[in-house]
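Coordinates in review
Here are the chains, one letter per residue:
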Amino acid sequence: MGRLLDEVRDRALTRPWLIVPPLLGLLGQNLLSLLSPGLPGSLMLGVLLGALMTVVVTTAFAELWLGDGRSVDPGRLVETGTLFLIPYPLLLVFGLTTTPLAYWLLHADLAQGVSMAGLYALLAAGKLMAFALGAVSSIAAARRRDSSGALGALLLGFRALRANAGFFFVLLAGFWAFQEGCVILTRALAPGLLDRFFTTVIPLFACVAFPIEAWRSGRLKA
């Protein structure tokens with residue numbers, strides 16, 4: 001893992017434009033929080049706009065990582081965006097199916113500690129699922145030429161995730177724990193935009209940079 005970290009760091013240092021997608025994501029989050037309360041159907045609209053923003057930011061980051069680091073090819077950008085967009089409804093389904101359980105945990109006659117632990121477990125499961133789907137799409141983007149379309153590339157990504165489940169669990173759970181620690185620390189010391197920046201940039205490296213470089217370096221089983 002240490003050598004992989006060095007490889008990701010070295011590649012990131014040659015691509016200073018990688019900072020642009022997370023900054024755009026941060027700007028989008030702020031605009032969304034300002035505009036959505038005044039719009040009709042603000043809750044659902046906010047979810048949809050947030051999902052679209054996440055796909056756009058992740059797609060741009062992935063293309064800068066895979067390409068020359070300075071520009072993106074419009075055709076490839078559309079292809080990559082499709083790979084990140086197709087699995088996204090799975091997260092919405094997860095949210096809808098776990099909402100009744102979250103409601104029960106909040107209103108059931110349970111000790112507060114048990115209730116909060118259950119809610120935190122649901123949050124962790126949702127985050128790890130989001131990270132895993134991002135990793136699948138990233139590997140699919142890196143392997144798109146090995147397949148005959150978006151669905152074929154995503155199938156290769158899911159196969160890689162399954163064949164390397166232990167590696168991805170350690171990688172993604174570790175990054176999620178690191179993200180949570182950074183957010184807690186920044187909220188305690190300097191609340192504001194910094195914690196949002198961490199929640200944007202850390203998943204990009206966890207779900208895009210590391211899976212792609214792990215695959216390119218031959219660390220992953222097909």
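First, a word on what this report is: a plain description of the structure on this page.

Reading the values: the criteria
- Residues numbered from 1 in each chain as written.
- Predicted model: local features only at pLDDT ≥ 70, side-chain atom pairs only at ≥ 80, totals over all residues.
- Heavy atoms only, no water.
- 1 Å grid on protein atoms, 1.4 Å probe; cavity = no way out; pocket = protein on both sides within 12 Å on 5 of 7 lines; lining within 4 Å.
- Points joined across faces, edges and corners; volume = space filled by probe spheres on them.
- Helix = DSSP H or I, 4+ residues; strand = E, 2+ residues; numbered from the N terminus.
- Nonpolar A, V, L, I, M, F, W, Y, C, P; charged D, E, K, R; others polar.
- Polar contact = N/O pair within 3.5 Å; in protein donor to acceptor, adjacent residues only side chain to side chain.
- Contact = heavy atoms within 4.5 Å.
- Core = buried A, V, L, I, M, F, W, Y, C linked by side-chain atoms within 4.5 Å.
- Buried < 20%, exposed > 50% of the residue type's maximum accessible area, 1.4 Å probe, protein only.
- Axes fitted to C-alpha atoms, helices over the stretch in contact; angles between N-to-C directions.
- Parallel < 35°, antiparallel > 145°, perpendicular 65-115°, else oblique.
- Left-handed = near helix turned anticlockwise from the far one by under 90°.
- Salt bridge = Lys/Arg side-chain N within 4 Å of Asp/Glu carboxyl O.
- Phe/Tyr/Trp six-rings, centres within 6.5 Å; stacked < 30°, edge-to-face > 60°.

**Quick word on the layout of surface pockets**
As a volume, the largest pocket reaches approximately 1,600 Å³. For the largest pocket, the lining is made up of 44 residues, of which Thr54, Tyr88, Leu91, Lys127 and Ala130 are closest to its centre. Those elements that place two or more of their residues in the lining of the largest pocket are helix H2 (20-35), helix H3 (42-66), helix H5 (89-107), helix H6 (112-142), helix H8 (165-189) and helix H9 (193-216). Tallying contributions element by element places H3 first for the lining of the largest pocket, with 11 residues. Taken together, the residues of the lining of the largest pocket break down into 26 nonpolar, 15 polar and three charged. If you add up the space inside the second largest pocket, you get close to 180 Å³. Lining the second largest pocket are 13 residues; nearest its centre among them are Pro21, Leu24, Gly25, Val56 and Val57. Counting only elements with at least two residues in the lining of the second largest pocket, the list comes to H2 and H3. When residues of the lining of the second largest pocket are assigned to their parent elements, the largest contribution, seven residues, is made by H2.

**Remarks on the side chain of Arg15**
Relative to the elements of secondary structure, Arg15 occurs in the loop between helix H1 (2-13) and H2. Looking at Arg15, its side chain comes within polar contact range of the main-chain oxygen of Leu64, at 3.1 Å. Within the structure, Arg15 has its side chain in polar contact with the backbone oxygen of Gly67 (distance 2.5 Å). Look past the residues within four positions of Arg15 in its chain and what remains in contact with it is Leu64, Trp65, Gly67, Asp68 and Gly69.

**Considering the nonpolar core**
With 49 residues, the main nonpolar core has Phe61, Trp65, Phe131, Phe168, Leu172 and Phe175 as its most contacted residues. Among the elements that make up this core, the one with the highest residue count is H9 (12 residues).

**Examining the environment of Glu79**
In this structure, Glu79 sits in helix H4 (residues 74-85). In this structure the C-alpha to C-alpha distance between Glu79 and Gly149, which are 70 residues apart in sequence, comes to 9.2 Å. Not counting chain neighbours up to four residues away, the residues in contact with Glu79 comprise Arg144 and Arg145.

**Looking at the packing of H8 against H9**
H9 packs onto H8 with a crossing angle of 165 degrees between their chain directions and a minimal axis gap of 9 Å. Classified by the angle their axes make, H8 and H9 are roughly antiparallel. For the pair H8 and H9, the crossing hand works out as right-handed. The residues of H9 that touch H8, namely those facing Phe167, Phe168, Leu171, Leu172, Phe175, Phe178, Gln179, Cys182, Val183, Thr186 and Arg187, are Leu194, Asp195, Phe198, Thr199, Ile202, Pro203, Ala206, Phe210, Pro211 and Ala214. Its residues placed into classes, the contact of H8 with H9 shows 16 nonpolar, three polar and two charged.

**Comments concerning the pattern of salt bridges**
Evaluation of the coordinates by the stated rule reveals 12 salt bridges. In this structure, Glu7 engages Arg3 in a salt bridge whose closest nitrogen and oxygen atoms are separated by 3.7 Å. Here Arg3 and Glu7 lie together in helix H1, a separation of four residues that amounts to about one turn. Relative accessible area serves as the criterion here: at 25%, Glu7 is assigned to the partly exposed category. Here Arg3 falls in the exposed class, since its relative accessible area comes to 63%. Notably, a salt bridge pairs Asp146 with Arg143, separated by 3.4 Å at the nearest N-O pair. Under the relative-accessibility criterion, Asp146 is labelled exposed at 54%.

**Brief notes about the packing of aromatic side chains**
Taken as a whole and assessed by the stated rule, the structure comprises seven aromatic pairs. Seen from their ring centres, Phe61 and Trp65 are 6.2 Å apart, and the 20 degrees between their planes marks the pair as stacked. Taken as a pair, Phe61 and Trp65 lie in helix H3 at a separation of four residues, close to a single helical turn. The class of Phe61 is buried, set by a relative accessible area of 1%. An aromatic cluster of at least three residues, connected via ring pairs, comprises Phe61, Trp65 and Phe205.

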